[in-house]
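Observations on the three-dimensional arrangement
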Amino acid sequence: MAGSGKTTFLQRLNSHLYSKHLPPYAINLDPACLKVPFGCNIDIRDSVNYKKVMQSYNLGPNGAIVTSLNLFSTKIDQVIDLISKKLSPSQLNEINQNNNQNNNQNNNQNSTENLKHIIIDTPGQIECFIWSASGSIITESFASTFPTVIAYVVDTPRNSSPTTFISNMLYACSILYKTKLPMIIVFNKTDIHDSTEIINWMTDFDLFQSALNNASSSNESTTSSGYMNSLVNSMSLMLEEFYSQLDVVSVSSYTGKGFDNVLAAIDNKVTEFNHYYKKERQQIIKQKKKDDLLKKEKNLSNLIKDLGINDNHNHNHKPEKSKINTDSVDVLSDYDNSDNDENSGWVDRDDDEPDYSPLNTQSTKLGSQKSLQKRYQDALNNSNHSNNKNQTEILNQMANYISKTQ
Ligand SMILES: Nc1nc2c(ncn2[C@@H]2O[C@H](COP(=O)(O)OP(=O)(O)OP(=O)(O)O)[C@@H](O)[C@H]2O)c(=O)[nH]1
């Protein structure tokens, strides 16, 4: 939340880690801030000029933050590479094993650094980072390479009213479900307001309700208080499930109180990330790869159709009967007279319609980039235009171009 003390919190966390001889890798992603009060390894302001973005694209402050982040996100792979180079070989091995990759393994055998924490400051406006495309790209890139934890910094004095508290928790809830990453709620500024009562609201519904009643009775002039109370009450009940997924810490970035608890909570959430979240992420990435391949397959079919060349891929698409295991499950088609019925219940496709059936999607036809390349070549070889040397050459060039760009 804007002004909750994120930058001050990171400044204190940075110095706390230094005092423990665990210097972090610090990144600033807020292009609009005037000054970063801690030493940054990567600062978005070094690569993007926020004021120029505003002028060049004729944007307001928030639009310029989003555009600056968009520009920066195009280089996020380089950022990840740079950080990977700071990792020790054993850390890198662990990451590569977890990600089933072998690349980068030998790049930094000489690295003696033992980097344990990467801290990232983000713009305060939720819509600029969490709900923007570049924000998703940046968080996804980090989360698919390193264990990633979100610290949601709450301005404790400003959240002493139950209504503001619930609105803030709804914000946090939306971030948790959007990013699908483990989250720590950090109650900041406890040097000016104690957070114990607010934290108790998260576990004790009666306490929260009496605080809400007290607040509304002291503010009787508000005509909508009845509606507001019942809404806030139901929301607090709804958020119970959300609270159970959180680690909560109270800190003062001003005095430095509570930062050992922050480190303990981070360790706890990293373990949680490795146990639960990573599996889910890998599933998502796998599904995304499958969807991408399907999309490429569809685009290829459309291209081949547009070029007017023959593609044997879409013919003979009916699955072989022997491949369908009908022994274990009774299906309607069991009652069909399959000998008399030519199609055995399979609907004929148009000649030019690509086959997206599950059987086909799992086959080797969609298995790799190579198979797509082969399909181009086969289609070109079968082309009616094969006699025309020039045209085939052009088609070959196009096929090469497309396979490179995919
Ligand atoms: N008393 C007190 N003040 C704090 C604490 N943490 C931050 N502040 C003050 O809160 C104000 C906002 O802090 P920032 O760190 O700039 O907040 P931010 O969330 O990074 O702000 P944006 O990036 O603009 O959203 C500053 O005046 C800080 O000095 C704290 O623990 N105690």
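The chain is annotated in an unreviewed UniProt entry as GPN-loop GTPase from Ascoidea rubescens DSM 1968. Its UniProt record gives the chain a comment under Sequence similarities (unreviewed entry), which states: "Belongs to the GPN-loop GTPase family." Its UniProt record gives the chain the following Subunit (unreviewed entry) comment, quoted word for word: "Binds to RNA polymerase II."

Our next topic: the side chain of S68. The topology assignment puts S68 in helix 4 (residues 61-73). Once you skip the residues sitting within four places of it in the chain, S68 turns out to touch P31, I44, V48, Y50 and V53.

The next point concerns the nonpolar core. In this structure, F165, M183 and F242 are the most contacted members of the largest nonpolar core, which totals 55 residues. When residues of this core are assigned to their parent elements, the largest contribution, seven residues, is made by helix 9 (residues 162-179). Domain assignment of the residues forming this core places at least three in each of domain 1 (1-88 + 114-146) and domain 2 (148-304). Setting aside anything within four residues of it in sequence, one finds F242 in contact with M169, A172, C173, L176, Y177 and M183. With 19 residues, the next largest nonpolar core counts F9, F38, V251 and I266 among its residues.

Bringing the state of the cysteines into the picture now. Tallied over the full model, the rule gives zero disulfides. Note on C33: no disulfide assigned, nearest cysteine sulfur contributed by C40 at a separation of 7.9 Å.

Next up on the list: the sheet that holds strand 2 (residues 42-43). As summarised here, the arrangement of the three strands in space is 2-1-3, forming an open sheet in which the pairing is parallel. The sheet terminates laterally at strand 2 and strand 3 (118-121), the two strands that pair on one side only. Inspection of the sheet shows strand 1 (residues 25-28) paired to strand 2 by two bridges, in the parallel sense. When the sheet's bridge partners are listed, N28 is paired in strand 2 with D43.

This next bit is on the sheet that holds strand 6 (residues 247-250). Spatially, 4-5-6 is the arrangement adopted by the three strands of the open sheet, whose pairing is parallel. Each having just a single partner strand, strand 4 (150-155) and strand 6 make up the two edges of the open sheet. When the angles between neighbouring strand axes are averaged without regard to direction, this sheet yields 25°. Bridge analysis of strand 4 against strand 5 (residues 183-188) gives six bridges, and the strand direction is parallel. By the bridge assignment, Y152 is partnered in strand 5 with I185. Across the face of the sheet, helix 9 comes into contact with strand 4 and strand 5 while running at roughly 170° to strand 4. In this fold helix 14 (residues 259-307) packs onto strand 5 and strand 6, with an angle of close to 170° to the strand it touches most, strand 6.

With that settled, consider the pattern of salt bridges. One side chain can pair with another of opposite charge once the charged atoms of both are near each other. Here the structure, examined in full by the defined rule, presents eight salt bridges. Ionic pairing is found between D43 and R45, a salt bridge with its closest N-O pair at 2.8 Å. With relative accessibility at 9%, the residue D43 sits in the buried group. For K269, the salt bridge identified is with E272, shortest N-O distance 3.1 Å. Of this pair, K269 and E272 both sit in helix 14, separated by three residues, roughly a single helical turn. Each of D155, R158 and K189 takes part in one network of salt bridges that share partners.

Put simply, helix 4 and helix 8 (residues 133-143) touch, their axes get as near as 8 Å, and they point 40° apart. If you check the angle between helix 4 and helix 8, you find them oblique. Note that helix 4 runs across helix 8; the crossing there is left-handed. Seen from helix 4, the contacting residues are V66, L69, N70, F72 and S73; seen from helix 8, they are S134, I137 and I138. For the contact of helix 4 with helix 8, the residue count by class is five nonpolar, three polar and no charged.

On to helix 11 (residues 205-217). For helix 11, which comprises 13 residues, the first-to-last C-alpha distance of 18 Å matches the rise-based estimate of 18 Å (1.5 Å per residue) to within 8%. Every buried residue of helix 11 is listed here: F208, A211, L212 and S216. Looking straight down helix 11, one finds that the buried residues subtend no more than 130° of arc, so they occupy a single side. Those residues of helix 11 that are exposed and aimed more than 90 degrees away from the buried face are D206 and N214. Capping the start of helix 11 is the job of one residue whose side-chain oxygen sits 3.1 Å from the backbone nitrogen of D206: D204.

Here a ring pair, both rings aromatic, is described through the centre-centre distance and the interplanar angle of the planes. Taken as a whole and judged by the stated rule, the model has six aromatic pairs. The interplanar angle of 70° and the centroid separation of 5.4 Å between the aromatic rings of F165 and W201 together place this pair among those described as edge-to-face. Of this pair, F165 sits in helix 9 while W201 is found in helix 10 (residues 196-201), placing the two residues 36 residues apart along the sequence. Taking the relative accessible area as the measure of exposure, W201 reaches 4% and is therefore buried. Taking the centre distance of 6.4 Å and the plane angle of 50° together, the rings of F165 and F208 count as tilted. Here the residue F165 occupies a position in helix 9, and F208 occupies one in helix 11, the gap between them amounting to 43 residues. You'll find F165 and F208 in the same group, each marked buried. An aromatic cluster is present here, built from F165, W201 and F208 joined pairwise through their rings.

What counts, and where the lines are drawn
- Residues numbered from 1 in each chain as written.
- Predicted model: local features only at pLDDT ≥ 70, side-chain atom pairs only at ≥ 80, totals over all residues.
- Heavy atoms only, no water.
- UniProt positions renumbered as here; feature names shortened; annotations may be inferred.
- Helix = DSSP H or I, 4+ residues; strand = E, 2+ residues; numbered from the N terminus.
- Contact = heavy atoms within 4.5 Å.
- Core = buried A, V, L, I, M, F, W, Y, C linked by side-chain atoms within 4.5 Å.
- Buried < 20%, exposed > 50% of the residue type's maximum accessible area, 1.4 Å probe, protein only.
- Domains from an automatic or database assignment.
- Disulfide = S-S within 2.5 Å.
- Pairing = 2+ DSSP bridges.
- Axes fitted to C-alpha atoms, helices over the stretch in contact; angles between N-to-C directions.
- Salt bridge = Lys/Arg side-chain N within 4 Å of Asp/Glu carboxyl O.
- Parallel < 35°, antiparallel > 145°, perpendicular 65-115°, else oblique.
- Left-handed = near helix turned anticlockwise from the far one by under 90°.
- Nonpolar A, V, L, I, M, F, W, Y, C, P; charged D, E, K, R; others polar.
- Expected span 1.5 Å × (residues − 1).
- Arc of directions from axis to C-beta.
- Polar contact = N/O pair within 3.5 Å; in protein donor to acceptor, adjacent residues only side chain to side chain.
- Phe/Tyr/Trp six-rings, centres within 6.5 Å; stacked < 30°, edge-to-face > 60°.

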